[in-house]
Amino acid sequence: MAFITANWNPLGEAFYRKVELYQMSWVLRDGLRDSLVAAAPYGGPIAVMKESQCLSPSVRPQLDIYTASGVTMATFPWKSGPVVQLGWSVSEELLCVQQDGTVLIYDLTGAFLRHFSMGQEVVQSHVSEAKIFHSPYGTGVAIVTGSSRFTLATNIDDLKLRRLPEVPGLQGAPSCWAVLNQDRQTKVLLANGPELYLLDNTCCTSVVLPGGSPLDGVFVHIAVSFSYKYLALFTDTGHLWTGLANLQVRPAHSQVRPHPPAGKTTPTARLNHTHLQVRPRPQPG
């Protein structure tokens, strides 16, 4: 007879065991390359759509909704305009931000619920990038347009659009940006090369990182913790800055030095609020 504690493993002063509850059912024929992917928090549903610019003009993108274990919940062809970003609301509604600024909302089964617009001026300048975020007010949407202007909606259930001030010297999309919640206000922290700016309702303020240096390079990634308390920034020279989101205290500042084979790869980074991953990216040819 097998020893009764054979499948228990020590973890500090406690023991644990792993029990398989179900098997993963993922079957992605083309993988996730060139796809928009949005995963709801806390193991919620996952939406996948192939980016329209990667498809033939005669082929419609397909929107698929899966459970976290890969079981298909809904699938249907996309018949509206090009989508820039997907994301989930706090009530697990799927938000699809289109290039013309229209945001379409669907339920878990793929049934259309409603839509709204991020402003008439967006129709002309188009959405370059978009982010869907959660705050004490609910689910919000932030966009930056082709004319380098930011617009916010802090609560999609009580829609009030805010167009943020212009950023001096910004032409096109910023090198990276993130939405912050500070003092019950929703703000945007963005990088224009090596320079940082903080946008609120009334002004654009230049920001200097505590302990930062102009030699650190161009900011390429910004990540905010789920609680909006902590912040991480990564530069093209491999410098990683982590600190409080109010930019007053700097707990850590380090440098990541990947060493890819000469002439074969260049480093790219994926940053989130818990860890940094640096991996080589093959170069064309």
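Residues numbered from 1 in each chain as written. Predicted model: local features only at pLDDT ≥ 70, side-chain atom pairs only at ≥ 80, totals over all residues. Heavy atoms only, no water.

**Q** Please explain the pairing of strand S19 (residues 219-224) as it appears in this structure.
**A** In the case of a regular strand, side chains alternate between the two sheet surfaces. Summarising the sheet, S19 and strand S20 (residues 230-235) pair through five bridges and their orientation is antiparallel. Note on S20: the bridge partner recorded for valine 224 is leucine 231. Taking the residues between adjacent antiparallel strands as the criterion, S19 and S20 are bridged by five residues, where tyrosine 228 takes a positive phi near 65°. (Pairing = 2+ DSSP bridges. Helix = DSSP H or I, 4+ residues; strand = E, 2+ residues; numbered from the N terminus.)

**Q** Got a minute to help me understand the nonpolar core in this structure?
**A** Nonpolar side chains tend toward joint burial in soluble globular proteins. Counting 32 residues, the largest nonpolar core has Phe150, Trp177, Val188, Leu190, Leu231 and Leu233 as its most contacted members. At five residues, the largest contribution of residues to this core is made by strand S15 (residues 176-182). Once residues within four sequence positions are removed from consideration, leucine 190 is found in contact with Phe150, Val167, Leu170, Pro174, Cys176, Trp177, Glu195, Leu196, Tyr197 and Leu199. Counting residues in each nonpolar core, the second largest holds 17 residues, with Ala38, Met49, Leu63 and Trp78 among its members. (Core = buried A, V, L, I, M, F, W, Y, C linked by side-chain atoms within 4.5 Å. Buried < 20%, exposed > 50% of the residue type's maximum accessible area, 1.4 Å probe, protein only. Contact = heavy atoms within 4.5 Å.)

**Q** Would you mind showing me how to read unusual backbone geometry here?
**A** Leaving glycine aside, a negative phi is the common case for residues, and trans is the common case for peptide bonds. Look at tyrosine 42: it is not a glycine, yet its phi comes out positive at around 60°. Mapped onto the elements, tyrosine 42 comes out in the loop between strand S3 (35-39) and strand S4 (46-50). Unlike most non-glycine residues, serine 148 shows phi in positive territory, near 65°. Along the polypeptide, serine 148 turns up in the loop between strand S12 (138-145) and strand S13 (150-153).

**Q** I'm lost on the side chain of threonine 154 in this one. Help?
**A** Assignment of secondary structure puts threonine 154 in the loop between S13 and strand S14 (161-163). If near-sequence neighbours (up to four positions away) are discounted, threonine 154 is found in contact with Phe133, Ser135, Tyr137, Gly138, Thr139, Gly140, Lys160, Arg162 and Thr186.

**Q** Just checking my understanding: could you explain the sheet that holds S14 for this structure?
**A** Within a sheet, neighbouring strands are paired by backbone hydrogen bonds and run either parallel or antiparallel to one another. Read from one edge of the open sheet, four strands run S11-S12-S13-S14, paired in antiparallel fashion. The two strands at the open ends of the sheet, each matched to only one other strand, are strand S11 (127-135) and S14. Neighbouring strand axes in the sheet, compared pairwise and without regard to direction, differ in orientation by 20° on average. (Axes fitted to C-alpha atoms, helices over the stretch in contact; angles between N-to-C directions.)

**Q** Sorry if this is basic, but what is going on with the layout of surface pockets here?
**A** Rolled over the atoms, a probe as big as a water molecule pinpoints where empty space is left. Of the pockets and cavities examined, the second largest pocket occupies roughly 380 Å³. Taken together, 17 residues form the lining of the second largest pocket, with Arg29, Asp30, Lys50, Gln62 and Asp64 sitting closest to its centre. Looking at the lining of the second largest pocket, the elements that each hand over two or more residues are S4 and strand S5 (62-66). For the lining of the second largest pocket, a count of residues per class yields eight nonpolar, four polar and five charged. (1 Å grid on protein atoms, 1.4 Å probe; cavity = no way out; pocket = protein on both sides within 12 Å on 5 of 7 lines; lining within 4 Å. Points joined across faces, edges and corners; volume = space filled by probe spheres on them. Nonpolar A, V, L, I, M, F, W, Y, C, P; charged D, E, K, R; others polar.)

**Q** What exactly am I supposed to notice about the confidence of the model for the protein here?
**A** If pLDDT is low for a region, its predicted coordinates should not be looked at in detail. Of all residues in the protein, 84% attain a pLDDT of 70 or more, and the chain-wide mean is 85. Note that pLDDT drops below 50 for residues 259-269; the model gives that stretch 25 contacts with residues more than four away or on any other chain. Low confidence marks residues 274-285, where pLDDT is under 50. Its contacts with residues over four positions away, or in another chain, come to 31 contacts. (pLDDT = per-residue confidence, 0-100.)

**Q** Would you take a moment to explain the sheet that holds strand S16 (residues 185-192) for this structure?
**A** Read from one edge to the other, the open sheet built from four strands follows the order S15-S16-S17-S18, with strand pairing classed as antiparallel. Every interior strand has two partners, whereas the edge strands, S15 and strand S18 (204-207), have only one. Strand-to-strand twist of the sheet, defined as the mean angle between neighbouring strand axes without regard to direction, takes the value 25°. Bridge count for strand S17 (residues 195-199) against S18 is four bridges, and the pairing is antiparallel. By the bridge assignment for S18, tyrosine 197 is matched with serine 206.

**Q** Would you mind showing me how to read the environment of valine 37 here?
**A** Within the secondary structure layout, valine 37 lies in strand S3. For valine 37, a relative accessible area of 41% gives the class partly exposed. Along the primary structure valine 37 and isoleucine 65 are separated by 28 residues, whereas in three dimensions their C-alpha atoms are 9.9 Å apart. When residues no more than four places from it in sequence are discounted, the contact partners of valine 37 are Leu32, Ile46, Ala47 and Val48.

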